[in-house]
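# Chain and residue survey
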Amino acid sequence: MAFTRTASFFMRTMMATLTLSTCFKLRPLASATTTTRCCAFQTSSVSAASLGRRRWRSSSSPSSSSSAAFGRTTFRHVGGDITSWRMTSSSEDSPATAASSSTSSSDTQSKDLEPFRNKNNLDDQVFSAMSADGGLKVTVATIRNLLNEMMIQHTMNPIPGDALGRATLCALMASNGMQEEQMFQLTMKGDGPLRGCLAIVTGKGEARGYVGNPSLGDDFTLREAIGEGTVQVVKNHPDWPRPYNGITAIRHGDIDRDVGIYLAESEQRSCALAAATSFKGILCTAAGGYLVERLPDCPPETMAHMERNLAKLVEMNGDDDDAALPTNLMLEGKTPVDIASILLDGLGMEPLDQVEPTPKCECSEDKLMRSLRLLPREEVDSILEDEGKVEARCQFCGKVYRMGPEEVEKMFREARGDAWKDEDWENEMKERGEKK
């Protein structure tokens, strides 16, 4: 298909819309040098989803689920912090953890978990809890409904769906606990045929995202689809003078381990992170993950006990070397509360909060109008003369916006102020709202 003026315009306007509507006042990502020292344990990747009877595999299959999940069940090292190295635990609990284990059941039962119950994962949920000694935070998420809706919006195949699902899970868990107004943007910018993957979430659990090639088939593994490139993170808040930017290299291509490396290297967050999806045909049957973070002053015994619990979780998830943490458990009916209870077994579990992720796109006709105002008037008139209308499609939700010559002329006639200035644009929108 020829690259038309309409398509060219669509790309320019929607890029402007993305910058203006989803990133607040974001500036381009600052260049950064990625450290050459790999702080995470290097292991072979594990495939994420089963497609009907056929399961697609990574280029190098692990010999067992334990070895495949090794990078997801150990705390990643933070440079300069000796205690964040993976703990070598004995087969027996230390006195401290043994005492904690003896009271863990009663501690957990004493907490009212009823508000956090989510039978059979019918609803999407991000649940967080802390160990009794305050040394560890556990966040567990399930987003099957959200991912299925995204797949419908983008007419997406399973491999692109797996990439977007993992990226959205990682963004939701890594941003858990931030203010409602804050924004967390995760970009997997690789050179593979997927042509990149982007997920944006807010503190309220609102999520949106897209991949560059939603129709990519199952001829590629997830690692091949992502390719080589960078993990880019942007955080912002309306009151911040400038956004926070972070960047590391893609080392595995399975997203969750790459994000774990980013958290350790760029944000100095020692953690164990896993995220995966499961598909039957084009239907997502499970999408979930967990993030275990070591907090300041966490006792070494607590970390060692957690790693034993992580190993137990791998065993419970199944011995199939294609199993992906923790989707097998979710397919069996385990909920985020159940998985958090397994991870914090013997450490005491204190529930913190829960959020229900929801799809929300911020596109609107007003944003299309502003994008048009940012283009030279002669170019807009030329498009109208050639095409007879202006048309743009949102990359996040797929909604198509159209404006005829009369609407465009009216928009320019009623324009006030400078569209490049946020303050002028906000005042114009306020006046437009009052007139309506």
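In this convention, every chain numbers its residues from 1, walking through the sequence in written order. For this predicted model, a pLDDT threshold of at least 70 governs which residues receive local features, and a threshold of 80 or more governs which side-chain atom pairs are given and counted, while totals over whole chains, interfaces and linings are taken from all residues. Side-chain measures were taken over the full set of non-hydrogen atoms in the model, leaving aside hydrogen atoms and water.

In this description a helix means any DSSP run of H or I spanning at least four residues, a strand means any run of E spanning at least two, and both kinds are numbered starting from the N terminus. Assigned secondary structure in the protein chain consists of 14 helices and 15 strands. Here the term buried applies to any residue with accessible area under 20% of the maximum for its type, exposed to any over 50%, and partly exposed to those in between, with areas from a 1.4 Å probe on protein chains only. Of all 436 residues assigned to the protein chain, the portion counted as buried reaches 52%. Pairs at least 24 residues apart make up 72% of the contacts formed inside the protein chain by residues separated by at least 6 positions. Surface summary for the protein chain: the accessible area is close to 19,500 Å², and the carbon and sulfur share equals 49%. By the convention used here, residues are in contact when the closest approach between their heavy atoms is within 4.5 Å. Under the convention used here, a 1.4 Å probe and the Shrake-Rupley method define accessible areas, while residue burial counts only the protein chains that appear.

Glancing now at the pattern of salt bridges. The term salt bridge refers to a side-chain nitrogen of Lys or Arg lying within 4 Å of a carboxyl oxygen of Asp or Glu. Under the criterion given, the structure shown has 15 salt bridges. The salt bridge partner of R208 is E362, with a shortest N-O separation of 3.8 Å. One end of the pair, R208, is in strand β7 (residues 206-211); the other, E362, is in the loop between β13 (358-359) and α11 (365-373), and 154 residues separate them in sequence. Judged by relative accessible area, R208 falls into the buried class, the value being 5%.

Detailed conclusions should not be drawn from predicted coordinates in areas where pLDDT is low. How sure the predictor is of each residue is captured by pLDDT, a score from 0 to 100. On average, residues of the protein chain score 79 in pLDDT, and 73% of them are at 70 or above. When the criterion is pLDDT under 50, residues 1-70 qualifies, and its contacts beyond four places in sequence or with other chains add up to 180 contacts. Confidence drops under pLDDT 50 across residues 84-110; counting only partners more than four residues distant or on other chains, this segment forms 41 contacts.

Only one face of strand β14 (residues 390-393) is covered, namely the face carrying V390 and A392; the face carrying E391 and R393 is uncovered. A pair of strands is treated as paired once DSSP finds two or more bridges between them. Of the strand pairs in this sheet, β14 and strand β15 (residues 400-403) are connected by 4 bridges, and their pairing is antiparallel. Note that in β15 the partner of A392 across the bridge is Y401. Counted along the chain from β14 to the antiparallel partner β15, the turn is 6 residues long, and its residue G398 has a positive phi close to 85°.

Residues V408, M411 and F412 constitute the buried set of helix α13 (residues 405-413). The buried residues of α13 all sit within an arc of 95° when viewed along its axis, so they share a single face. Turned more than 90 degrees from where α13 packs its buried face, E406 and R413 sit exposed. This arc is taken over the directions from the axis of the helix to the C-beta atoms.

With that settled, consider the environment of E431. Looking at where E431 falls in the secondary structure, it is placed in helix α14 (residues 422-435). Of the residues examined, E431 reaches a relative accessible area of 40% and is grouped as partly exposed.

Attention now moves to the nonpolar core. It is characteristic of soluble globular proteins that their nonpolar side chains tend to be buried jointly. Here, nonpolar core means buried Ala, Val, Leu, Ile, Met, Phe, Trp, Tyr and Cys residues that are tied together by side-chain atoms lying within 4.5 Å of each other. Grouped together as the largest cluster of nonpolar side chains are 46 residues, with contacts concentrated most on F184, L186, L194, C197 and I255. Considering each element in turn, this core owes the most residues, 10 residues, to helix α5 (residues 158-174). Excluding residues within four positions of it along the chain, L194 makes contact with P160, A163, V211, G212, N213, L216, A225 and I226. Counting residues in each nonpolar core, the second largest holds 30 residues, with F116, V138, A272 and V337 among its members.

A few words on the side chain of S371. Tracing the backbone through its elements, the reader meets S371 in helix α11. Distance and chemistry together define a polar contact, namely a pair of N or O atoms within 3.5 Å, with one atom able to donate a hydrogen and the other to accept it when in protein, and with adjacent residues in sequence counting only for side-chain atoms on both sides. For S371, the side chain forms a polar contact with the main-chain oxygen of K367, separated by 2.9 Å.

Turning our eyes to something else, we now look at the sheet that holds strand β8 (residues 229-236). Reading across the sheet, the 6 strands line up as β9-β8-β5-β6-β7-β13 and stay open at both edges, with mixed pairing between neighbours. Strands at the two margins of the open sheet, each flanked by one partner only, are β9 (244-249) and β13. Here 8 bridges tie strand β5 (residues 183-190) to β8, and the two strands are oriented antiparallel to one another. Pairing of Q185 across the sheet is with V234, part of β8.

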